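Commentary on secondary and tertiary structure
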Amino acid sequence: RSVAAGLEALEFVLASGGGCVKRPDGGNFRVPLPRARALQVAPGPGGGAGPVEPEEELVKVLAYSKWEEGGRPPGAPVQQLVREAHAALKGLLEADPEGASALAARLGWEGAVAVGPSRSVEGERLVAEAQALCREEDEAEARAAWAREAAEASQGAYVRAQQLAEEASAAAARAAEVADHLRDVAASAAQESGEAEEARRAAQAAAAGKISDLESLNMSVQVLGPSEIEQRRLPGRVSSPAATSGDGKGERPQRRRGAQGRVALPKAHVAEESSMPNGSPRPPNSAEERAGTSVDDRRWRAELQLHEDDKSGTWHSEPQGAEPPEQSAPAASGLPAAQLRGSEEEEKDDEKDGDDDGTLGPDCGSQRFNFQLPVPASDGTNTSTITAQVFPDQRIVFTSDAAEPLVLHWGMFREKKRHRWYAPPRGWSTEPGFSQDAGGGAWETAFEATGGSAPARQTVQVKFQDLDRYDGVVFVLKTAIDSLNNSGEDFHVPIAKRKVELPPPPVSQRTSGASKPRHPAPHSTASPAAQRGGQPHKEGGSTASVSLPPVQRHAWDQTGMLWDRGALGQAGWDPAGIDAAVCHIAGLEDGATRSFMHRYNCASELLDAAGGEEAKLAALFVWLRFAFLRQLVWNNNYNIKPREISQAQGRFTDGVVALWRSRPELREVAELILSAVGSGGEGNMGQRIRDEILDIQSRNGCKGGMMEEWHQKLHNNTCPDDVVICEALIAYIASGLDVAQYWAQLQAHGVTRERLLSYDRAIHSEPSFSAEQCEGLLADLTEYLRTLKAVHTGADLEAAANKVLGYSQSSCKGKEVRVEAVEHVDVERLGALVHLALHNARDSEPDRLNTVSAMVEARQLLHASLRHDALARTKDVLYLDLALGTAVRASLEGALSSLAGWSTAGVLRAVLLALENLCLSSGSNAELCACWNELAGVCDSLPSAAQALEEGVALRVSANLDRVLNLVAMRTGTAQELLQPAAEALGPRLGCDERVTALFAEEVIRGTPAAALSQLVKAALPRLRESAKLGDWQVISPEEASGELAHVERLADVQWEVYSSPTVLLVDHVGGEEEIPQGVAGVLTLDLPDLLSHVAVRARNTGALFATCFSEAVFDSLKARVGTAVTVGPLGAADLRVEEGQFAPAGQPPTSSGGPGGSGPQALVQPQFCGELVVQADALGPHAAGGKSRNLAGLSGSLPSWVGTPASAVLPFGSMEAALTEPANATIASEHERLLGALGAPGESDAYTLQKLRDGVLAMEAPPALRDAFTEGLSEAGIAWDGRWPEAWAAIKRVWASKFNERAWLSCQRAGLDHAAVSMAVLCQEVVDAKYAFVAHTVHPITKDADQAYAEVVRGLGETLVGNHPGRAFSFTAHKSEGGCRVEGYPSKISILQAPAGGSLICRSDSNAEDLDGFAGAGLYDSVTLAECQDCAHDYASDPLVTDVSYQAKVMDLIVRASQAVEQAMGGAPQDVEGVVTHDDRVVVVQARPQVL
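In this text the structure is predicted, and so the values were computed from the model without any measurement.

So, the overall build of the protein chain
Within the protein chain, the regular secondary structure consists of 42 helices and 43 strands. The buried share among the 1493 residues of the protein chain stands at 56%. The contacts in the protein chain between residues at least 6 apart in sequence include a share of 73% that link residues at least 24 apart. Accessible surface for the protein chain amounts to roughly 60,300 Å². Of this, 50% is attributable to carbon and sulfur atoms.

Dropping the structure here:
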């Protein structure tokens, strides 16, 4: 009410979510107030105070009033304000005693102020009281500090007593007494500490009650009469005394509209004045003056200046701008000073910008801070400006009109320690998106030019999530050649707090492992990286996060990811090399246990000895991996300096990187080695491990207990465990000193209590910090963690990113760390991507995909750099690439549990990212890249939230993912074969845990990108099959089977077995060339053999059930019933029924009949040799060759003109036996006869005998007559041949030798055929350069419907189809009467075969066994090309058979019509037709035989 005296009206506006609410006419709301007489102050007598501006002096009077009324803000010092208020009263009393009495009456001071200078006794008394209160406050603080120190000392003594009690059993009783006594002392001290703290707070509150809050006081003071209101304008900024108008009154510039916050005089002006314009003492600004001012005085000092709102006439207070701190580490001294802008210039900016924020605060509008810069502006003026605008949503926008590009070097500050820079809290982001860690808590963000405004401007926006722990942002500016600061100090931008938290009480008791935190955590997360802007997402935690914009992916194609070499196992792997390396390693292990320096020196020796042999390098990786898994001794009574460890580590990793660069075929094994070893750091990084821990202990007063024990360990033998220990300490502090969090962090990373005690410098104690130590320790340990990771880790994302992007660390013992950004890397783009990945911790589908996309995009950028020949720091780039690959895998694996809530499109995009990640991690990756390219095309066309796919699209994607799974299986199988033997040879010799050894390769594979990809694919396939309207099964042979359920891993392992009772086999892996074992009624598998593969045909031929299961859950449920009797039968083509029931009794196994109805094949008749070694196909007699050759000859001239047949020549039946009679082959012939007699004999291994028979055939010498006949026969047939006989002879022998294949022998045995009667002819043809190859059955092999035909098609040569290469073919069903075709499945073959350049010949098997009715002999024997075909990756995304519907229909129609033509030419009997579609879309039939139904 006293303030209201003299005011005309109260004006206000309302703040709402949409802005400020005013009157309909745009004006402010106004409430009239009672008017009062203005105070008239006459000039004093000569020598007196002179003319007085009442409004300037009454500020002090009002403050005195508020101090008396009991309200104190955090702000002005008690002593200074009381002195100023007293001086103001004294001046008023001298100038106008009567007016002062009237004023005192209005202000309620009748008893406090007497008229006349000699009667201001009450003011002096109040000064004395305030000074006494301050002394009491200081004394209470001192007592509280002493009590805290006593509590800490007692607490430490108690901990040490406990240690003595544990270690010295003989003195246990006495130690317990001492501990009890010290516990009482500690409790007493704690109680005293609490009382002292309460006393301190009470004193502080009492002092607070004596002064007003000059920084937050929003007041209106006017003691002028109403007639003068429109004539007078109070100052918004005090001008120089020289700048006055003719009436003696100073010019008063206008306040900038909307500005509220700290505004100070221009520093250059303040430096010239010895006092403030109003006569009050000038606050200290120079370092020398500040040195003579107490910290509290500096903290509480404030200046209050009044200004008039130029629009509404409302008066506001503006506290002073950012104070200069005591010390500014990042700012350079002696640099050009930046000036605060005058309000006239601010007003011009407002008029230019058109912004009118009104009266703004933390919940409405923004705060704006303006500074002048001594660099030219974009409009040509000599000075420019920097404006920091603080918005309520915790955004700060920095805008400058400087002409040259600027970089914002920024961090956070706290009022308590304004000289110290702090890292921003977790969850911040910037625009532009790239910010670089500058060390010491600071970050650097380059300004971005903004278009569309004149003059040109540049901006940076910083967005925060939680600023309640900080008082504002501190910054300096950098140009290309200079730094800009605030007169040698830092710029400070204060931020209004949303809430105020009282400091925690002092810690008085040690927290046990199971107790709750003693006070709220000083930070919101226990993350070690929390002080540097966040960390990669970790599952299971609740973390603050910010939703970041979607990543804009570059239009990468598969060529940017292709590596033509480098896959594991493809560099000439020799198993003997593993044995040699194991012996070498075992001999070095004793010396390696002394320290990590010795181990890395041994590793360098082994690297040199490997000589680039992949097997030896694999053994080296196994050894290092065992060490990484803590299976080997890290230190054995040997002290070593950290820098020596770092140097040895660096030398070794440099050697591995050199191998990676110079030997591309060894890239995968080199990257495996790097994944098991830290990079080693650079420069003096190892030495900093020693130096920094000493600084941390000294700065934070923790030179005893656990920190001292850890310090001793670090000095004598640092190791990767130190990273875990440092992270555990950070977690302990961040959790509010909950020691249970310390132990949990250690346990989660394999560091147990026993391991801590096992070090040469054992760690016995738990951490025990005080609350006062937390803030400093958290910042210091977070920075120290960077040093530890730089040495001991390579694949840590944040540490690896720092090395590539560049970073610095503050000086330690005079040595600063400054790592420049890697050249030939797009650092700006890369930094923005890594920043996004580290900050986006949300778990929603789009956020997770966005994070992973950022990391994969970053890997693409790195791979572009890795291909750069001039890249100088390959190691840093490689380690970041490895870290990103691991982070992608971890993030995708973390999403598996929530995939059920994702859209199908989201799941497929996750699969695509996982596949891209695997491509970037793999050598020889052409097939993987082709899969990625095809899937990327599909995903790009899907709506973002699509739950279902079109049936055809789902079929195509399913085939693509089948191909991916096959590729993953092949690669993981190679890793298993290469790594596991080395682990099993090395583990026992080094004393490693048996379980770790047994699972070694499996655990390595689980840590690769392939593992996450495999899991995501298996999660996606059920959705795709549902969209494609497919069930859990595909029935290949639709028979009913009864028998006992049994499980085997591979069908090839049991194809020789004879089951004594009917059995239904559950088989994990089926290759396609196996034989159905005798006694097996059905085969159920997870594998995907072609419908026309040998095993599928044999199953249908023998009446056995055969089906593929697409659901692991369904298959596992059957495996759980192993040993039970079941009956299994088809329910259509996509499902099975399984019923428990009886099966045939023992001793009555099902027979392998030749087909339905149990009619076996006819007996084999061994044909006679025709006497000619080579015969033209059209001259063959009825028994000179098999049906394949004879049928082809019969088709010649019987097919339409657009269907061709290749020219052929034949080596007839008996030609092999004739060649054995050659004298040069006499020994082989004799052994051949003996081995034939041994087949099937008791006690003999048929598999061994068959192998010896094949070896004998392959060793035969060619009769000269055969060579001449072969050359002549090809010439007569018109077959082009280059005359290379050795290759032709080798191919002919391989076809002959295939008569003794295991599957052929078994098939004959099961069918009751005499294998000795099998004769083999060889059909020689020119290889047709095929665009597609096909096998067509003119009657559907599953439904047996004669009105349906079924075909399978592959790209390139047909050997990938008939040879049972992994993956499935393109398949379709044709309706003969109705016309039209239905696609049943899209291709998933891993690779394709192309004809050799320049053409070649193919020698096809043509046995008499393939002609028997009811016996499926197709696929039993081999066909061989003379020149090796080219095995190539194929991108189905560019294959018209897959992507072009019209062309697809054309090819299917050609195949169906050609097959029907063959069927008609063969008398209408169902046919099994093999042929090709040429590049000019012609059909060539290469062979035909009767179809076995």
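Brief notes about the nonpolar core
By size, the foremost hydrophobic cluster in this structure holds 170 residues, and its most contacted members are W623, L830 and L961. Among the elements that line this core, the one with the most residues is helix α27 (residues 951–990), at 15 residues. Not counting the four nearest positions on each side in its chain, L961 is found in contact with L908, V911, L935, V1017, A1020, L1021 and L1024. In terms of nonpolar packing, the next biggest core, distinct from the first, is built from 47 residues, L1220, L1274, V1295 and L1306 among them.

Observations concerning helix α39 (residues 1302–1311)
Burial runs high along α39: eight of the ten residues are buried. Buried residues of α39: R1303, A1304, W1305, L1306, S1307, C1308, R1310 and A1311, and no others. In the core, the buried residues of α39 are packed alongside β26 (1078–1085), α31 (1094–1102) and α36 (1246–1258). Where α39 ends, the next residue or the one after it, G1312, has phi of about 75°, a positive value.

Re the pattern of salt bridges
The tally for this structure, following the rule as stated, stands at 48 salt bridges. The partner of E11 in a salt bridge is R30, and the shortest N-O contact between them spans 2.3 Å. Of this pair, E11 sits in strand β1 (residues 9–12) while R30 sits in strand β4 (residues 29–32), and the two are 19 residues apart along the sequence. According to the relative accessible area criterion, E11 is buried, its value standing at 16%. Judged by its relative accessible area of 44%, R30 is partly exposed. As a salt-bridge pair, D654 and K875 come within 2.9 Å of each other at their nearest N and O atoms. Of the two residues, D654 sits in helix α13 (residues 642–662) while K875 sits in helix α24 (residues 874–895), which places them 221 residues apart along the sequence. For K875, a relative accessible area of 8% puts it in the buried group.

Thoughts on the sheet that holds strand β42 (residues 1471–1478)
On the basis of which strands lie adjacent, the open sheet formed by seven strands has the order β31-β43-β42-β34-β35-β36-β37 and mixed pairing. Two strands close off the open sheet at either side, each with one partner strand: β31 (1203–1204) and β37 (1381–1385). In the sheet, strand β35 (residues 1348–1355) pairs with strand β36 (residues 1370–1375) via six bridges, with the strands oriented antiparallel. When the bridges of β36 are listed, E1352 appears paired with S1371.

Concerning the pairing of strand β28 (residues 1125–1130)
Strand residues, when the strand is regular, have side chains that alternate between the two faces of the sheet. Within β28, five of the six residues are buried, leaving the element largely enclosed by the surrounding structure. With four bridges joining them, strand β24 (residues 1041–1050) and β28 adopt antiparallel strand pairing. Bridging from a neighbouring strand, E1044 pairs with A1125 of β28. Here β28 hands over to strand β29 (residues 1136–1140) after five residues, with G1132 in that stretch at a positive phi of 80°.

Section: the pairing of strand β17 (residues 457–463)
Along β17, five of the seven residues are buried, which leaves the element largely enclosed by surrounding structure. Inspection of the sheet shows strand β13 (residues 429–431) paired to β17 by three bridges, in the antiparallel sense. Across the sheet, residue S429 finds its bridge partner in β17, namely K463. Where strand β16 (residues 448–450) lies against β17, three bridges are found, and the strand directions are antiparallel. From the neighbouring strand, E448 faces β17, where its bridge partner is T459.

Observations regarding the packing of aromatic side chains
Following the criterion strictly, the structure yields 23 aromatic pairs and no others. A ring pair is formed by W410 and F464, whose centres lie 6.1 Å apart and whose planes are at 80°; its orientation type is edge-to-face. Here W410 is found in strand β11 (residues 407–414), whereas its partner F464 is found in the loop between β17 and β18 (472–478), with 54 residues between them in sequence. Accessibility assignment for this pair places W410 and F464 in one class, buried. An aromatic cluster of at least three residues, connected via ring pairs, comprises F1270, W1281, W1285, W1289 and W1296. Over the ring of Y422 we find R414; its NZ or CZ atom is 4.6 Å from the centre of that ring. Sitting over the ring of W743, R753 keeps its end group 3.8 Å from the ring centre.

Digging into the sheet that holds strand β23 (residues 1033–1037)
Strand order in the open sheet formed by seven strands is β23-β27-β26-β25-β24-β28-β29, and the pairing between neighbours is mixed. Two strands lie at the open edges of the sheet, namely β23 and β29, each paired on one side alone. Neighbouring strand axes in the sheet, compared pairwise and without regard to direction, differ in orientation by 40° on average. Its contacts with the sheet place α31 against β23 and β27 (1105–1109), and it is angled at close to 65° to β23. Those strands touched by helix α32 (residues 1112–1119) are β23, β24, β25 (1058–1069), β26, β27 and β29, and its axis lies near 150° from that of β25.

Thoughts on α27
With 40 residues, α27 should cover 58 Å at 1.5 Å per step; its first-to-last C-alpha distance of 56 Å lies within 8% of that length. Taking the largest bend as the criterion, α27 deviates by roughly 25°, centred on L979, and proline P981 comes between one and four positions later. Looking at the residues trailing α27, positive phi occurs at G991, about 75°.

Section: empty space enclosed by the protein
Approximately 220 Å³ is the volume found for the largest cavity. Classifying every residue of the lining of the largest cavity by side-chain character gives eleven nonpolar, four polar and four charged.

Considering the environment of S1405
Among the secondary structure elements, S1405 is positioned in strand β39 (residues 1401–1407). Here the alpha-carbon distance between S1405 and V1322, two residues 83 residues apart in the chain, equals 5.2 Å. With residues up to four places along the chain from it excluded, the contact list for S1405 reads K1188, V1295, M1320, A1321, E1410, Y1421, D1422 and S1423. Among the polar contacts made by the side chain of S1405, one reaches the main-chain carbonyl oxygen of D1422 at a distance of 3.4 Å.

Focus on the packing of helix α10 (residues 575–592) against helix α11 (residues 596–610)
Each pair of packed helices gets described by two things: the angle between the helix axes and the distance between those axes. Between α10 and α11, the shortest axis-to-axis distance is 9 Å and the interhelical angle comes to 160°. Classified by the angle their axes make, α10 and α11 are roughly antiparallel. Crossing angle aside, the handedness with which α10 passes α11 is right-handed. Contacts between α10 and α11 pair H584, I585, L588, E589, G591 and A592 from the former with H598, R599, C602, E605, L606 and A609 from the latter. Split by residue class, the contact of α10 with α11 holds six nonpolar, three polar and three charged.

What to know about the side chain of E1074
Note that E1074 resides in the loop between β25 and β26. This buried residue, E1074, is left without a salt bridge; R1050 holds the nearest opposite charge, at 7.2 Å. From its side chain, E1074 meets the backbone nitrogen of G1071 in a polar contact 2.6 Å long. Among the polar contacts made by the side chain of E1074, one reaches the main-chain amide nitrogen of G1072 at a distance of 2.7 Å. The residues contacting E1074, other than those within four sequence positions of it, are L1051, A1052, Q1055, H1094 and V1095.

Rules and cut-offs
Residues numbered from 1 in each chain as written. Predicted model: local features only at pLDDT ≥ 70, side-chain atom pairs only at ≥ 80, totals over all residues. Heavy atoms only, no water. Helix = DSSP H or I, 4+ residues; strand = E, 2+ residues; numbered from the N terminus. Buried < 20%, exposed > 50% of the residue type's maximum accessible area, 1.4 Å probe, protein only. Contact = heavy atoms within 4.5 Å. Areas by Shrake-Rupley, 256 points an atom, 1.4 Å probe, with all protein chains shown as cover. Core = buried A, V, L, I, M, F, W, Y, C linked by side-chain atoms within 4.5 Å. Salt bridge = Lys/Arg side-chain N within 4 Å of Asp/Glu carboxyl O. Pairing = 2+ DSSP bridges. Phe/Tyr/Trp six-rings, centres within 6.5 Å; stacked < 30°, edge-to-face > 60°. Lys NZ or Arg CZ within 6 Å of the ring centre and 35° of its normal. Axes fitted to C-alpha atoms, helices over the stretch in contact; angles between N-to-C directions. Expected span 1.5 Å × (residues − 1). Bend = angle between axes of the 7 residues up to and from the residue. 1 Å grid on protein atoms, 1.4 Å probe; cavity = no way out; pocket = protein on both sides within 12 Å on 5 of 7 lines; lining within 4 Å. Points joined across faces, edges and corners; volume = space filled by probe spheres on them. Nonpolar A, V, L, I, M, F, W, Y, C, P; charged D, E, K, R; others polar. Polar contact = N/O pair within 3.5 Å; in protein donor to acceptor, adjacent residues only side chain to side chain. Parallel < 35°, antiparallel > 145°, perpendicular 65-115°, else oblique. Left-handed = near helix turned anticlockwise from the far one by under 90°. Lys, Arg positive; Asp, Glu negative; His and termini not counted.

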